[in-house]
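Structure assessment
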Amino acid sequence: MTLEIGLTLLVILITLVAFIREWAAPDVLALTILCLVVALKLVSPTEMMDVFRNEAPLTIAALFVIGGALERSGAVDHIGKVLKNKLSGNTRIAILAFSLLAAFFSAWMNNTAIVAILLPVTLGFARSKDIAPSRLLMPLSYSSILGGCCTLIGTSTNLLVNGSLKGLGEKPMGMFELAPIGLPMAVAGIGYLAIFGPKLIPARSSITGSLEIDHRTSPLHHLLIGRGSPIVGMKLVDTPLADRASGVHVMEIRRKGTRLMTPISKLVIEPNDRFLVALHRRRGGAAKAEELFDEIGAQVLSTVDGIVSELVIRDESSLHGKTLAASDFRQRYNCVVLAVHRDGINITSQIATLPLETGDTLLVITALNNLDSLKATRDFVLTDLPEEAPSQDEPKVGKNKHIIISWATLVGVVLVATLTDFLHPFVSWIPEIPIHYAALVGALLLLWLKIVTPREAYASVDWQVLLMLYGLLGLGMAMQNTGTAKFLSTEIVELTERFVSPEYLPVVLLWTVFLLTLILTEVLSNNATAVMMVPIVVTLAHELKVDSRPFVMGVTVAASTAFALPMGYQTHMMVFGPGGYKFVDFLKVGIPLNIICWIISCSLIPFIWPF
């Protein structure tokens, strides 16, 4: 072992620990690793620039824009609502229908976006049919992952592996090359969830149900504090309006037409202040509206519809690591938080000083017409659908036009990349158009046609994912440059040769590599796992003097089959709180699904891509 190999192994170990322990955000960790391998001279500054020439992040960014156009057009949402209205209350049928829908769309769009769109639709269906949300949400997350394994653009991991293959001088993947494995795996996985899901997945309540919320709707009152009010000149915290024990929640304060951002603890009430107030307790017994308003001398100007809803903190949320108090949550989002759900526990006390984490579910009370604003922040996944207000400027015809153009663009990108790749060897004058160029042209077409605005396009891109990919590509380059990939592959081959005869060695290594990748993916980022494993398996195949394709396909699929742990994939964290799950629920349902994917993939791969 050389010094460079030792340093690279040390960086890999640091990477594993940093991602597992979550020392920082994934993109920060990945870029730090990139700078570290350059500082240790494992990658030269010139080679570092080659990382940013990799087309995988560019492809992913362009596809984010196209997916964002589809998301905003309401195409997925519309089909989900049709299912919601047409399906019966049979749990197995519901699991099958929503799983098929999630899997299909995830083959073409970012699966996080798919789950974010279908989550409120699925919850609404569960409430209307009196089905436990937990029975439907876990299959929704699992199916979105299974669908992404069917096409090259199904997940960012697939595209990242494809970019790594080009960097290693290997043949890139075709658009549907994964389908012979992805489709059987998706069919088997969805079948398993539909047949055994109702028995294996416990009927758990969401945070709303577990806290026994009597009423999800609650009127919000606009109040005017007159000059004769006894609370004028008092600190707000010393008045009945601050009595949380009686279910009084101040949503908003306006003074002279301007919304006040002053913390409640410091605010002194002045004449003509206007308040938006909710009166709500979990199990009833809130203060009586008329009595309270008479007591404080307030005039009711109007009432609006309010709702007790759940907000799931997204992985890219600006709230991560902040407390409710430090983020000015009430003023910023026009919401009052009643409880926080984390790791299967409902936290109802001292929540103002609790640092928030990705996947936390906040039980909030807010105005019904505020859901659109909450959705626009992209800090949350909503569990209730915003009210649909028909647009005066763009009627239904305009919306349908956006859906058609968005779908036509995506289909066009796929067809151009697939057909030119297929036809070029036979018809030399047809150029081979790579997926990154086709996707970029498709995204630009949507911008020129004003299907999305530049601001919407930038908002659609998950910049954290892109920056993380760039950082991780540097680690893969370091493994190749220093010979670490060769060192590890040689050690794996030599160790396996002690127990397995040479004719069975490739097959046994395939099963072993798939399992190792799957285990790493459960505790590590799927992209980080793929970047580390691809150079190793390509070198391993060269050591065995066999085709690298079977091993690459095994790693690609295994890196997207994290089902056993809720933190294994971001869509799991999105449904964890709304489904009221416990850690053990994912182990019980996910481990058998992992085994199904392992057996199906490793059984079929040698026949589809012979060694």
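This write-up is about the structure you can find in this document. Since the structure is predicted, the reported quantities are computational estimates derived from the model, not experimental observations.

Things to note about the overall build of the chain
Looking only at helices and strands, the chain has 24 helices and nine strands in total. Taking 611 residues into account, the globule formula puts the C-alpha radius of gyration at 25 Å, and the chain, at 27 Å, falls close to it. C-alpha extents for the chain along the principal axes are approximately 90 × 55 × 50 Å. Within the chain, the proportion of its 611 residues that are buried is 55%.

Looking at a nonpolar patch on the surface
Together, L10, L13, I14, V17 and W23 make up an exposed nonpolar region whose accessible area comes to about 460 Å². Mapped onto the fold, V17 is located in helix α1 (residues 3-21).

Observations concerning the environment of L159
With respect to the helices and strands, the residue L159 is situated in helix α9 (residues 156-167). Overall, the relative accessible area of 4% leaves L159 in the buried class. Other than its neighbours up to four places away in sequence, L159 contacts A56, T59, I60, L63, L152 and I153.

As for the pairing of strand β8 (residues 361-367)
Across the seven residues that make up β8, a large majority, seven, are buried. With seven bridges joining them, strand β5 (residues 298-313) and β8 adopt antiparallel strand pairing. Following the sheet pairing, L311 is matched in β8 by L362. Inspection of the sheet shows strand β6 (residues 335-342) paired to β8 by six bridges, in the antiparallel sense. Bridge assignment links V337 to a residue of β8, and that residue is V364.

Quick look at the packing of α9 against helix α21 (residues 526-544)
Look at α9 against α21: their axes get within 10 Å of each other, and the N-to-C directions meet at 30 degrees. In this structure, α9 crosses over α21, and the sense of that crossing is right-handed. Along the contact surface, α9 presents S156, T157, L160, V161, S164 and L165, while α21 presents N526, N527, A530, V531, V534 and V538. The class makeup of the residues in the contact of α9 with α21 is seven nonpolar, five polar and no charged.

A look at the pattern of salt bridges
Per the stated rule, a full pass over the model turns up 13 salt bridges. The shortest N-O distance in the salt bridge between R53 and D50 comes to 2.2 Å. Note on R53: relative accessible area 60%, which makes it exposed. Residue class for D50 comes out partly exposed when judged on its relative accessible area of 35%. Note that D384 and R127 form a salt bridge whose closest N and O atoms lie 3.3 Å from each other. Here R127 lies in helix α7 (residues 111-129) and D384 lies in the loop between β9 (380-382) and α15 (396-423), a separation of 257 residues in the sequence. Residue R127 is classed as partly exposed on the basis of its relative accessible area, which comes to 35%. Through salt bridges that share partners, E252, R254 and R259 make up one connected network.

Brief notes about the side chain of T323
Inspection of the secondary structure assignment puts T323 in the loop between β5 and α13 (329-333). By relative accessible area, which is 17% here, T323 ends up buried. Excluding anything up to four places from it in sequence, T323 contacts A352, T353, L354 and P355.

Some points on the environment of L488
As for its placement among the helices and strands, L488 is situated in helix α19 (residues 484-497). A residue is classified by how much of its surface remains accessible, and L488, at 21% relative accessible area, is partly exposed. Through-space distance from the C-alpha of L488 to that of V537 is 9.4 Å; in sequence the pair is 49 residues apart. The contact partners of L488, leaving out residues within four places of it in the chain, are L9, M479 and I536.

A look at the side chain of S141
Tracing the backbone through its elements, the reader meets S141 in helix α8 (residues 134-148). For S141, the residues in contact, after removing those within four places along its chain, are V115, T571, H572 and V575.

Quick word on the packing of aromatic side chains
One pass over the structure, following the stated rule, counts 16 aromatic pairs. Measuring from ring centre to ring centre gives 5.3 Å for F104 and F105, while their planes differ by 80 degrees; the resulting arrangement is edge-to-face. When its relative accessible area of 47% is taken as the criterion, F104 is described as partly exposed. Ring centres 5.0 Å apart and planes at 75 degrees place the aromatic pair Y333 and F380 in the edge-to-face group. Here F380 lies in strand β9 and Y333 lies in helix α13, a separation of 47 residues in the sequence. An aromatic cluster of at least three residues, connected via ring pairs, comprises Y142, F563, F576, Y581 and F586.

What counts and what doesn't
Residues numbered from 1 in each chain as written. Predicted model: local features only at pLDDT ≥ 70, side-chain atom pairs only at ≥ 80, totals over all residues. Heavy atoms only, no water. Helix = DSSP H or I, 4+ residues; strand = E, 2+ residues; numbered from the N terminus. Rg over C-alpha atoms; globule rule 2.2 N^0.38 Å. Buried < 20%, exposed > 50% of the residue type's maximum accessible area, 1.4 Å probe, protein only. Patch = residues over 30% accessible without salt bridge, like charges linked within 9 Å, V, L, I, M, F, W, Y side chains within 5 Å. Areas by Shrake-Rupley, 256 points an atom, 1.4 Å probe, with all protein chains shown as cover. Salt bridge = Lys/Arg side-chain N within 4 Å of Asp/Glu carboxyl O. Contact = heavy atoms within 4.5 Å. Pairing = 2+ DSSP bridges. Axes fitted to C-alpha atoms, helices over the stretch in contact; angles between N-to-C directions. Left-handed = near helix turned anticlockwise from the far one by under 90°. Nonpolar A, V, L, I, M, F, W, Y, C, P; charged D, E, K, R; others polar. Phe/Tyr/Trp six-rings, centres within 6.5 Å; stacked < 30°, edge-to-face > 60°.

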